[in-house]
Amino acid sequence: MDATDEIIRFDKVTKRFGGNTVLDDLCFSVAPGKHVTLIGPSGSGKTTILRLLMTLTRPDEGTITVDGEYLTHEERRGRLVPAGEKHTREVRKKIGMVFQQFNLFPNMRVLQNVTEAPVHVLGMDKDAAEQRARELLELVGLGTKCNDYPTRLSGGQQQRVAIARALAMRPRVLLLDEVTSALDPELVAGVLDVLRDVARTTDVTMLCVTHEMNFARDISDEVLMFDAGRVIEKGTPEKIFSDPEQDRTREFLSAVL
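Per an unreviewed UniProt entry, the protein chain carries the name Ectoine/hydroxyectoine ABC transporter ATP-binding protein EhuA and comes from Streptomyces pactum. The UniProt entry for the protein chain carries the following text under Sequence similarities (unreviewed entry): "Belongs to the ABC transporter superfamily." What UniProt records for the protein chain under Subcellular location (unreviewed entry) is the sentence "Cell membrane".

A. View of the sheet that holds strand β11 (residues 222-227). Strand order in the open sheet made by the six strands is β8-β9-β10-β3-β11-β12, with mixed pairing throughout. Each edge of the open sheet is held by one strand with a lone partner, namely β8 (95-98) and β12 (230-235). Sheet twist, expressed as the mean angle between neighbouring strand axes with direction ignored, is 20 degrees. The sheet contact formed by strand β3 (residues 35-39) and β11 spans four bridges and is parallel. Within the sheet, the bridge partner assigned to Thr37 lies in β11 and is Val223. With respect to the sheet, helix α1 (residues 46-53) is in contact with β3, β8, β9 (173-177), β10 (205-209) and β11, its orientation differing from that of β10 by roughly 140 degrees. Together, β8 and β9 form the strand contacts of helix α5 (residues 155-168), whose direction differs from that of β8 by roughly 175 degrees.

B. Just the sheet that holds strand β2 (residues 20-30), in detail. Pairing within the open sheet is antiparallel, and its four strands lie in the order β2-β1-β4-β5. Looking at the sheet topology across the chains shown, the edges are occupied by β2 and β5 (69-70). Bridge analysis of strand β1 (residues 8-17) against β2 gives seven bridges, and the strand direction is antiparallel. When the bridges of β2 are listed, Val13 appears paired with Leu26.

C. Quick look at helix α6 (residues 185-201). With 17 residues, α6 extends 26 Å between its outermost C-alpha atoms, agreeing within 8% with the 24 Å of an ideal straight helix rising 1.5 Å per residue. Taken as a whole, α6 has its buried residues at Val188, Val191, Leu192, Val194, Leu195, Val198 and Ala199. The arc that holds every buried residue of α6, seen down its axis, measures 155 degrees, which confines them to one face. Among the exposed residues of α6, those pointing more than 90 degrees away from its buried face are Glu186 and Arg200. Those residues of α6 that are buried lie in contact with β3, α4 (126-139), α5, β9, β10 and α7 (213-219).

The rules behind the values
Residues numbered from 1 in each chain as written. Predicted model: local features only at pLDDT ≥ 70, side-chain atom pairs only at ≥ 80, totals over all residues. Heavy atoms only, no water. UniProt positions renumbered as here; feature names shortened; annotations may be inferred. Pairing = 2+ DSSP bridges. Helix = DSSP H or I, 4+ residues; strand = E, 2+ residues; numbered from the N terminus. Axes fitted to C-alpha atoms, helices over the stretch in contact; angles between N-to-C directions. Contact = heavy atoms within 4.5 Å. Expected span 1.5 Å × (residues − 1). Buried < 20%, exposed > 50% of the residue type's maximum accessible area, 1.4 Å probe, protein only. Arc of directions from axis to C-beta.

Here is the structure:
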């Protein structure tokens, strides 16, 4: 596989929970530096894709590759076998995630929340990690909040710290899971503006699950419409939102727009 033209690849991935097939023989790929948004009804498998990439769950069938390396498998003596924890952890370092809930450490100041993982997981020098953290907190508009505790921040500010924290790990891929769904409506625009800045000013690949269709239209190079664990349509935002081919896509968009 040529890793230069795809940074994420799902190859015939099936995931079941009990008798429920959430992803059904799923194939798709994402090119480096692209911003891809997954849309579709609840239960169509979108968040499961992000959970598989974070190795919070594992596929029942099929393979996932990240930056040319298998994520939950490895090759031994020419055969593909389930990966050991060490291999999976190394590949997973290339992936950052921002969750619906901010998951900040309440007992650590903002700066330490952002430097903790680069120092202890990547082995970064503490001073270098702090400098990078300050730059990222400036990027997300929180340069003056380095010494505050998360409890002193609004939900929108906490989510922006979570974005800075994910970027501090220098991921090749940033996963965004409904990052505004836990926020009060008036805080949503600020967080989406920050993500637009990140998309514009960094070369990080973004894979985004969102119900904010205007944001999806703004930020995406490609939109994938999911239904029943499969991609039923994909294309540019203009094509998907203005002239979708599938009746199911039209139905979904007329319900949410």
